[in-house]
Amino acid sequence: MTIEYLKKNNKKIAYCAKAGGAITFVFLGGFMSDMMGTKATHLENWAKKNHHGFLRFDYSGHGQSSGIFERCNISDWVQDTLEIITEKTNGPIILIGSSMGGWISFLIYQELFARVAGIVTIAAAPDFTEDYFWANLSDKQKSELMNVGRIFLPSDYDEPYPVTLALIESGRKHRILTRPLKILCPLRMLQGTDDKAVELQTAIKLLKHIDCDNMHLKLVAQADHSFSSPTCLQILEQTIDEVVLEVKIP
């Protein structure tokens, strides 16, 4: 699909959108990822084949959207998501959140719960800015972050993660594991057992924390954080189909 731009509040959010069917699927990517990733493009093709609406986009400072990554934070990315969903979708939506996108999916549900018909997360990383970044910093790193406002952390990908004090402080405002979280729609969480970025314990903690009568956690043996192998993509499709079957559209 053609990349377009939502121009609002002095920013440009890059997106690809396709109307179709009673449900629109919205893909929410991870930290430092973009909408050109394997899962996003694969699901776009899947949605087209199955006559569903689909929306993928880049957060501010990511991919082809405007903004400088290090000047953006969780609050910005939640706002981007709310704006793009509000402006470019109609009717029921199913959120598909990968890693940080899983965290943002729960935050979006709290704002748009009347429209969210289902949620599927892939290696959801709730509160990672506090529980993973901040919690694992040494005293020296914390001091540097407080004084300089930025540090770099190693990643499993090509470049290190730039972590800013603004990112940490913004994350604290949006934590979901420290307050009740009730979900009324079908929820499916996928987690690879070989994921080095999001530990299995995080998925279990999330499962225990959320109040939801229709919630499943699916563990996938030998799957890593990318969750992009042919087997993983097939499991993702099957999981989404499962949610669709349970969704009640007025």
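Analysis parameters
Residues numbered from 1 in each chain as written. Predicted model: local features only at pLDDT ≥ 70, side-chain atom pairs only at ≥ 80, totals over all residues. Heavy atoms only, no water. Helix = DSSP H or I, 4+ residues; strand = E, 2+ residues; numbered from the N terminus. Contact = heavy atoms within 4.5 Å. Expected span 1.5 Å × (residues − 1). Buried < 20%, exposed > 50% of the residue type's maximum accessible area, 1.4 Å probe, protein only. Arc of directions from axis to C-beta. Pairing = 2+ DSSP bridges. Axes fitted to C-alpha atoms, helices over the stretch in contact; angles between N-to-C directions. Parallel < 35°, antiparallel > 145°, perpendicular 65-115°, else oblique. Left-handed = near helix turned anticlockwise from the far one by under 90°. Polar contact = N/O pair within 3.5 Å; in protein donor to acceptor, adjacent residues only side chain to side chain. Phe/Tyr/Trp six-rings, centres within 6.5 Å; stacked < 30°, edge-to-face > 60°. Lys NZ or Arg CZ within 6 Å of the ring centre and 35° of its normal.

A word on the side chain of Ser105. Inspection of the secondary structure puts Ser105 in helix H3 (residues 100-112). Ignoring sequence-local partners within four residues, the contact set of Ser105 consists of Leu28, Leu95, Ile96, Gly97 and Ile119.

This part covers helix H8 (residues 230-246). For H8, which comprises 17 residues, the first-to-last C-alpha distance of 25 Å matches the rise-based estimate of 24 Å (1.5 Å per residue) to within 8%. Turning to H8, its buried residues number three or more, namely Cys232, Leu233, Leu236, Glu237, Thr239, Ile240 and Val243. Along H8, the residues classed as buried sweep out an arc of 165 degrees about the axis, all on the same side. Those residues of H8 that are exposed and aimed more than 90 degrees away from the buried face are Pro230, Thr231 and Leu245. In this structure, the buried side of H8 is in contact with strand E3 (24-28), helix H1 (38-49), strand E5 (93-98), strand E6 (116-122), strand E9 (187-192) and strand E10 (215-220).

Note that Ile183 resides in the loop between helix H6 (165-173) and E9. Taking the relative accessible area as the measure of exposure, Ile183 reaches 2% and is therefore buried. With 30 residues separating them in the primary sequence, Ile183 and Asp213 have C-alpha atoms 8.0 Å apart. Setting aside residues up to four positions removed in sequence, Ile183 forms contacts with Phe106, Tyr109, Ile119, Ile210, Asp211, Cys212 and Asp213.

On to the sheet that holds E10. On the basis of which strands lie adjacent, the open sheet formed by eight strands has the order E1-E2-E4-E3-E5-E6-E9-E10 and mixed pairing. The sheet terminates laterally at strand E1 (4-8) and E10, the two strands that pair on one side only. If you compare each strand with its neighbour and ignore which way they point, the axes differ by 20 degrees on average. Judged from the five bridges that link them, E1 and strand E2 (residues 11-18) form a sheet pairing that is antiparallel. Its bridge partner being in E2, Lys8 is matched across the sheet by Lys11. Sheet strands touched by H3: E3, E5, E6 and E9. Its angle to E5, the strand with the most contacts, is close to 150 degrees. Docked against the sheet, H8 engages E3, E5, E6, E9 and E10, running at close to 170 degrees with respect to E9.

At a minimum axis distance of 10 Å, the contact between helix H2 (residues 74-88) and H3 shows a crossing angle of 60 degrees. Classified by the angle between their axes, H2 and H3 sit oblique to one another. Note on packing geometry: the crossing formed by H2 with H3 is right-handed. Judged by residue contacts, Ile74, Trp77, Val78, Thr81, Leu82 and Ile85 of H2 engage Met100, Trp103, Ile104, Leu107, Ile108, Glu111 and Leu112 from H3.

What follows deals with the environment of Glu87. Along the polypeptide, Glu87 turns up in helix H2. Glu87 gets classed as partly exposed once you look at its relative accessible area, which sits at 40%. Note: C-alpha distance between Glu87 and Ala47 (40 residues apart in sequence) is 20 Å. For Glu87, the residues in contact, after removing those within four places along its chain, are Leu6 and Lys8. A polar contact of 3.0 Å, which involves the side chain of Glu87, links it to the side chain of Lys8.

So, about the packing of aromatic side chains. Tallying each qualifying case throughout the model produces 14 aromatic pairs. Their ring planes at 65 degrees and their centres at 5.2 Å tell us that Phe31 and Phe69 sit as a pair that is edge-to-face. Of this pair, Phe31 sits in the loop between E3 and H1 while Phe69 is found in the loop between strand E4 (53-57) and H2, placing the two residues 38 residues apart along the sequence. Note on Trp103 and Phe128: the rings are 5.5 Å apart at their centroids and 85 degrees apart in plane angle, and the pair reads as edge-to-face. Of this pair, Trp103 sits in helix H3 while Phe128 sits in helix H4 (residues 128-133), placing them 25 residues apart in sequence. Phe128 carries the same exposure label as Trp103, and that label is buried. Following the ring pairs from residue to residue traces out a cluster consisting of Phe31, Phe57, Tyr59, Phe69, Trp77, Trp103, Phe128, Tyr132, Phe133 and Tyr161. The ring of Tyr5 has Lys12 sitting right over it, with the charged end atom 5.0 Å from the ring centre.

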